[in-house]
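So you can see what is in the structure, the chains are spelled out below.
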Amino acid sequence: FTVEHMSELLTEWGRDISFDDNFFADRAGYITGYLEQEFGITGSKENVILEVNDPDAGYIILNTITPDMSTGEWSGKYYTDYPIHVTAVAHEGYVFKGWEGRITSSESDIDVQIQTGGSRLKAVFERNE
């Protein structure tokens, strides 16, 4: 649902999207208020930054998604009302050493309460000797 992808699709379908450009660019802003009202969300929406020390060593599962960690970092917005669940997964030949950032833990599977001002977590992997 990126702006670029939607623009491509609508152009392929022969649609003039000039009137829709702002909607697709701003649709997250449109839906946020409805979501907050429907689910009774009172917390703030904060930036969550996930990192891995080496993208070849492993990746992170966030709730039910596997963010693209190919650059070593990913970010998204989450509400402070609900914790996120993260799991660090080591690739073959590597081991998970621990989390750095807002929470330090050697457990690969943890819940994290999102803080006002955002949260940053880094999964650290090492080569298995």
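Just so it is clear, the model here is predicted, and its values are computed rather than measured.

K.L.:
Sorry if this is basic, but what is going on with the pattern of salt bridges here?
P.N.:
Between side chains of opposite charge, a pair can form as their charged atoms come close. Within this structure, the stated rule accounts for three salt bridges. Of the charged contacts in the structure, one is a salt bridge between Arg120 and Glu51, with a shortest N-O distance of 2.9 Å. In this pair, Arg120 sits in strand 7 (residues 119-127) while Glu51 sits in strand 1 (residues 45-52), placing the two residues 69 residues apart along the sequence. On the basis of relative accessibility, which here comes to 17%, the residue Glu51 falls in the buried class. For Glu126, the salt bridge goes to Lys97, with nearest N and O atoms at 4.0 Å. Of this pair, Glu126 sits in strand 7 while Lys97 sits in strand 5 (residues 94-101); the two residues are 29 residues apart in sequence, bridging distant segments of the chain. By relative accessible area, which is 40% here, Glu126 ends up partly exposed. The class of Lys97 is partly exposed, set by a relative accessible area of 44%. Beyond isolated ion pairs, a larger network of salt bridges with shared partners links Glu51, Glu73 and Arg120.

K.L.:
I would appreciate a short explanation of unusual backbone geometry in the present structure.
P.N.:
Residues apart from glycine generally show negative phi values, whereas peptide bonds are mostly found in trans. Even without being glycine, Asn63 reaches a positive phi, approximately 55 degrees. Along the chain, Asn63 turns up in the loop between strand 2 (58-62) and strand 3 (73-79).

K.L.:
Even after reading the chapter, I still don't get the sheet that holds strand 6 (residues 109-112), so can you show me in this structure?
P.N.:
Sheet strands pair via backbone hydrogen bonds, and the direction of the pair is either parallel or antiparallel. On the basis of which strands lie adjacent, the open sheet formed by three strands has the order 2-4-6 and antiparallel pairing. Every interior strand has two partners, whereas the edge strands, strand 2 and strand 6, have only one. Strand-to-strand twist across the sheet, computed as the mean angle between neighbouring axes with direction ignored, equals 25 degrees. Bridge count between strand 2 and strand 4 (residues 84-90): five bridges; the pairing is antiparallel. Bridging across to strand 4, Tyr59 finds its partner in Val89.

Basis of the calculations
Residues numbered from 1 in each chain as written. Predicted model: local features only at pLDDT ≥ 70, side-chain atom pairs only at ≥ 80, totals over all residues. Heavy atoms only, no water. Salt bridge = Lys/Arg side-chain N within 4 Å of Asp/Glu carboxyl O. Helix = DSSP H or I, 4+ residues; strand = E, 2+ residues; numbered from the N terminus. Buried < 20%, exposed > 50% of the residue type's maximum accessible area, 1.4 Å probe, protein only. Pairing = 2+ DSSP bridges. Axes fitted to C-alpha atoms, helices over the stretch in contact; angles between N-to-C directions.

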